[in-house]
Amino acid sequence: MARYTRVKGSIALITLTNPPVNALSAAVRRGIVESVSRALKDEQVKAVVFCGENEKFCGGADIKEFSGSVSGPPLVPMIHSMEAGEKPMVAAIEGVALGGGLELALGCHYRVANTKARLGLPEVTLGLLPAAGGTQRLPRLIGIPAALELITTGRHVSAQEALQLGMVDQVTEGNAVQAAMELALSVIGHPLNPCRLSLRAPVWAPDVDGVCDAALAQVKQRSRGVMAPVACVQAVRAAAMLPYGKGMERERQLMDTLFRSGQAQAMQYAFFAQRNAGKWILPNRAQWNNTKAREVQRAGVIGLGTMGQGIAVSLVKAGISVVAIETDTKQLEWGKKAVTAMLQRDAQRRGVSPPLHLLTFTLSFHQLRDVDLVIEAVFEDMNLKKRVFSDLCKVLRVNALICTNTSGLNVDELAAVTDRQPLVVGMHFFAPAHVMKLLEVVYGSRSSPEAVATAMALGKRIGKVCVTVGNCSGFVGNRMLKLYLDQSVYLLEEGATPEQVDQALEEFGFAMGIFKVGDLSGLDVGWRVRKASGLIGPDVDPVKPSRWRLGRRYCPLPDMLCQQGRFGQKTGRGWYLYDSPGSKEAKSDPEIQNFLEDYRRKYGIIPRRITSQEVIERCAFILANEGFRILEDGIAAGPEHIDVIYLFGYGWPRHRGGPMFYASQVGLSVVLEKLEHYHRVHPDVPSLEPSRLLRRLVAEGSPPIQQWKSHIKNLRSHL
Ligand SMILES: CC(C)(COP(=O)(O)OP(=O)(O)OC[C@H]1O[C@@H](n2cnc3c(N)ncnc32)[C@H](O)[C@@H]1OP(=O)(O)O)[C@@H](O)C(=O)NCCC(=O)NCCSC(=O)C[C@@H](O)CCCCCCCCCCCCC(=O)O
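Only a predicted model underlies this, so the values are computations on that prediction, with no experimental measurement involved.

Colleague: Sorry if this is basic, but what is going on with the pairing of strand β2 (residues 11–16) here?
Modeller: In regular strands, side chains alternate between the two faces of the sheet. Most of β2 sits out of view: six of its six residues are buried. Neither face of β2 is open: one carries Ile11, Leu13 and Thr15, the other Ala12, Ile14 and Leu16, and all of them are buried. Bridge analysis of strand β1 (residues 2–7) against β2 gives six bridges, and the strand direction is antiparallel. Bridged to Tyr4 within β2 is Ile14. From the end of β1 to the start of β2, which pair antiparallel, there are three residues, and Lys8 there has a positive phi angle of about 50°. In this structure, β2 lies alongside strand β3 (residues 47–52), joined through six bridges in parallel fashion. What sits directly across from Thr15, in β3, is Cys51. Handedness of the β-α-β unit built from β2, helix α1 (residues 26–41) and β3 comes out right-handed.

Colleague: What's the story with the sheet that holds strand β10 (residues 298–302) in this structure? I'm lost.
Modeller: As a general point, the strands of a sheet are linked pairwise by backbone hydrogen bonds and lie either parallel or antiparallel. As summarised here, the arrangement of the eight strands in space is β12-β11-β10-β13-β14-β15-β16-β17, forming an open sheet in which the pairing is mixed. Of all the strands in the sheet, the pair left with one neighbour each is β12 (359–362) and β17 (465–470). The average undirected angle you get between the axes of adjacent strands in this sheet is 25°. This element, helix α13 (residues 329–350), spans β11 (321–325) and β12 of the sheet and lies at about 165° to β12.

Colleague: What should I look at first to understand the site of the ligand in this one?
Modeller: Around the ligand, a shell composed of 32 residues is seen, among which Leu75, Glu103, Glu123, Arg275 and Lys279 lie nearest. In this structure, a nitrogen atom belonging to the ligand sits 2.9 Å away from a main-chain N or O atom of Ile63. A distance of 2.6 Å separates an oxygen atom of the ligand from a polar backbone atom of Leu75. In the complex, 81% of the free accessible area of the ligand, which totals 1300 Å², lies under the protein chains. Only α3 (100–107), α10 (244–259) and α11 (262–278) provide two or more residues apiece to the shell around the ligand. Here the shell around the ligand takes three residues from α11, the largest share from any one element. Residue classes in the shell around the ligand are distributed as 19 nonpolar, four polar and nine charged.

Colleague: What's the story with helix α7 (residues 176–187) in this structure? I'm lost.
Modeller: In this model, α7 (twelve residues) spans 16 Å end to end at C-alpha, consistent with the 16 Å of a helix rising 1.5 Å per residue. Turning to α7, its buried residues number three or more, namely Ala176, Val177, Ala179, Ala180, Met181, Leu183, Ala184 and Val187. Taken together, the buried residues of α7 touch β1, β2, β3, β4 (89–93), β6 (110–114) and β9 (170–172). In the stretch just after α7, Gly189 is the one whose phi turns positive, near 90°.

Colleague: What exactly am I supposed to notice about the domain arrangement of the chain here?
Modeller: Taken as a whole, the chain is organised into domain 1 (2–260), domain 2 (298–475), domain 3 (496–603) and domain 4 (612–634 + 637–718). Facing eleven residues of domain 3, the contacting portion of domain 4 comprises 15 residues. Both faces combined, the contact of domain 3 with domain 4 buries some 1100 Å², and carbon together with sulfur accounts for 72% of it. Three residues, Phe508, Phe510 and Arg553, lead the burial of domain 3 against domain 4; their summed loss comes to 57% of the area buried on that side. Here domain 3 and domain 4 share zero salt bridges between them. Where domain 3 packs against domain 4, one counts three residue pairs in polar contact (both at pLDDT 80 or more). Elements supplying a minimum of two residues to the side of domain 3 that touches domain 4: α18 (498–508) and β19 (552–553). Of the residues in the side of domain 3 that touches domain 4, the class split is seven nonpolar, one polar and three charged.

Colleague: What is the right way to read the confidence of the model for the chain from this model?
Modeller: Close reading of the predicted structure is inappropriate where its pLDDT is low. In this model, the chain carries a mean pLDDT of 96, and residues with pLDDT of at least 70 account for 100%. Across the predicted assembly, pTM comes out at 0.96 and ipTM at 0.97.

Colleague: Where do I start with helix α23 (residues 612–632) in this structure?
Modeller: At 3.6 residues per turn, the α-helix brings residues three or four places apart onto the same side. For α23, built from 21 residues, the straight-helix expectation of 30 Å at 1.5 Å per residue is met to within 8% by its first-to-last C-alpha distance of 30 Å. Burial analysis of α23 places 18 of its 21 residues in the buried class, which makes it a mostly covered element.

Colleague: What is the right way to look at the sheet that holds β9 in this model?
Modeller: Pairing in this open sheet of six strands is mixed, and the strands run β1-β2-β3-β4-β6-β9 from one edge to the other. Only two strands of the sheet have a single neighbouring strand rather than two, namely β1 and β9. For this sheet the average axis-to-axis angle between neighbouring strands, irrespective of direction, equals 20°. Note that β3 and β4 share three bridges and pair parallel.

Colleague: It is not clear to me how the side chain of His679 should be interpreted in this structure. Could you clarify?
Modeller: Summarising the element assignment, His679 is placed in helix α26 (residues 668–681). In this structure His679 touches Val685, Pro686, Leu688 and Glu689, once residues within four positions along its chain are discounted.

Colleague: How should the UniProt feature "domain: 3-hydroxyacyl-CoA dehydrogenase C-terminal" (unreviewed entry) in the chain be read in this particular structure?
Modeller: According to UniProt, the feature "domain: 3-hydroxyacyl-CoA dehydrogenase C-terminal" (unreviewed entry) maps to residues 474–578 and 615–702 in the numbering used here. Overall, residues 474–578 shows 51% helix and 4% strand. The separation of its end C-alpha atoms is 30 Å. The span residues 615–702 shows a helical share of 67% and a strand share of 0%, and its end C-alpha atoms are spaced 24 Å apart.

Colleague: Help me understand the pairing of β12, please; the structure alone is not making it clear to me.
Modeller: As defined by bridge partners, β11 adjoins β12 across four bridges and the pair is classed as parallel. Note on β12: the bridge partner recorded for Val322 is Leu359. For the crossover from β11 across α13 to β12, the handedness is right-handed.

Colleague: Explain the environment of Pro683 to me, please; I cannot follow it from the model alone.
Modeller: Note on placement: Pro683 falls in the loop between α26 and α27 (692–699). Measuring from C-alpha to C-alpha, the distance between Pro683 and Leu719 comes to 35 Å, with 36 residues separating the pair along the chain.

Cut-offs and rules
Residues numbered from 1 in each chain as written. Predicted model: local features only at pLDDT ≥ 70, side-chain atom pairs only at ≥ 80, totals over all residues. Heavy atoms only, no water. Buried < 20%, exposed > 50% of the residue type's maximum accessible area, 1.4 Å probe, protein only. Helix = DSSP H or I, 4+ residues; strand = E, 2+ residues; numbered from the N terminus. Pairing = 2+ DSSP bridges. Right-handed = clockwise from strand over helix to strand, strands pointing away. Axes fitted to C-alpha atoms, helices over the stretch in contact; angles between N-to-C directions. Contact = heavy atoms within 4.5 Å. Near = heavy atom within 4 Å. Polar contact = N/O pair within 3.5 Å; in protein donor to acceptor, adjacent residues only side chain to side chain. Areas by Shrake-Rupley, 256 points an atom, 1.4 Å probe, with all protein chains shown as cover. Nonpolar A, V, L, I, M, F, W, Y, C, P; charged D, E, K, R; others polar. Expected span 1.5 Å × (residues − 1). Domains from an automatic or database assignment. Buried area = accessible area lost by both parts, 1.4 Å probe. Salt bridge = Lys/Arg side-chain N within 4 Å of Asp/Glu carboxyl O. pLDDT = per-residue confidence, 0-100. UniProt positions renumbered as here; feature names shortened; annotations may be inferred.

Written as structure tokens, this is what we have:
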């Protein structure tokens, strides 16, 4: 797992060989230890160069090993013996040097990187810290402020930036291994102590304590309740304050705590869940590696509202020509202005020119005659979408795909009005579509594997995290969201305030509470959907609207708010108060407190104290419960797919893994017990009734999430 070769007579070339990213598995570490020892003993060898196979230096420790018992030589003494070796060691960095991979390079005396290489210490994103000396060596190389920034964010830097920061000695456009060998030959006989980072003092900076305090405050604010960034600051502070050996002890202690934490498990689960989701598989077993995607060079976008604009921007940024269509000149001009401005801003930020030549704005469907695929993003109205779909069939090439950006309408019903049902899929983007990472690719009962493969490949190309989902009302994300929203408003009826619910959710880790999110996205959106679905109609009493609709509990509070014109940020008033329409800072609104009190009085509801624990249990467990139903129905291929949807589309905190992982971590029997309790208290809320699958898994001993696939027949999970 590490290949040893002698080159140029006096150089030992040690190549890490563990594709795809040459992770430092036990076998690789063993190979390195043996190779270094051999090189140090061999009198012919005067210098050592490290590189990785397939032009990838190293992606770090093997994350898969973290969940089992760890064997093989540990990294810290291995890197120490490299650094202490009496022959110059040079890292030849191509592709990536991340985490333990960069720490290995920091243990070398010199570092050479190819211009395309990326370097970083992303451990924080896995709930860890760089514990193979990274928190102690990097500050000694680039200084405390820069090291703090890199280690607490996990950001990758380009080779050029690494050179500016002083992380590497040389950047080459050519072969980094060749350049490293030349450097190695040129430094033979030079003193090594100045290159041993553990012997250096950290680069001096004024007021290190103040810098660390500021970093601590920043990470606490940015990632509330997340342990790893805090530990990263503490470890770097130790590098500034303590001698190297003591700093290493502190690094180890902090790592031990993180390593055993549920947060690290959740974040590592999220890492693999994200990659698994890309390996899509349909119920008929067509999947990512047996289905060819079509090439998409030209696409159409129908509708230039907020969603259509974001979609057009995402496509153009990926180099795809776009024909953007609107129904009237005013809308078209409005959309054109918005899309152009977004592309110009983005290009300015990146110092390039905006790819406006890829865009055609038109009112005419005929311009779509030679596109490969169309994404319809018109208003969420089944009849309107059907009209658009049948009009499209009149102009599109017979083999062009039609995708709908519906957030929950029946894809089969839409496909049925076309002449090409196998070529119809859903592409459910999340607003704003050029920013949000998630894309649900919805396969209907007649969608062809090729169409799914094409939508998935297109999504990946435009930088989305794509998940295939089956066709049901709301698909995965919004089907679950509806019940979560219901719980949040029931909590208001029962005695909570929007502030209280949001605070509990934010303390749990959501970047924004559900009521703030509602105000941001516009409360009128849900109002329209409820009207269209028949929940609100002329038979509803305008003075005392019913709290019982379509056979279950219904909370009319959001409708009543909308009736007052309180649509959220855009109107300056929603669940919160804003200084002016469009402003973002949510303030408590005494009117809302009065509104809630009047409401409870009107319906004879005696308010009670609601704890944060109840908020979290009712919101998180209702999501997981519906997730189990979704798995039972075969709508999601595995629990990790549901979790990826919540992580990337709904702001679920990464250190909690996702609703399904969270349920597994809390314990399925606890979740079952709580749901039984809440359902007993609220028998009029059927969604609180524990799902059959949850009951079954508990009866079968509450297996960990990785084992659910052996308990659930239709699961197509890669966990
Ligand atoms: C590298 C990437 C940027 C590549 O991205 P790309 O898009 O090209 O590809 P994918 O992301 O799809 O990945 C392809 C494939 O590879 C798998 N994979 C990637 N990285 C790793 C990895 N580090 N370990 C295992 N597997 C990996 C990925 O799952 C895909 O697999 P698939 O089957 O789906 O094809 C990108 O992949 C990336 O960003 N990777 C993660 C980089 C990272 O976060 N590195 C840091 C790892 S943690 C670390 O290095 C910790 C160190 O500080 C050391 C700490 C030492 C002390 C620890 C004590 C615990 C004991 C552990 C054992 C060590 C022994 C000891 O020292 O005591």
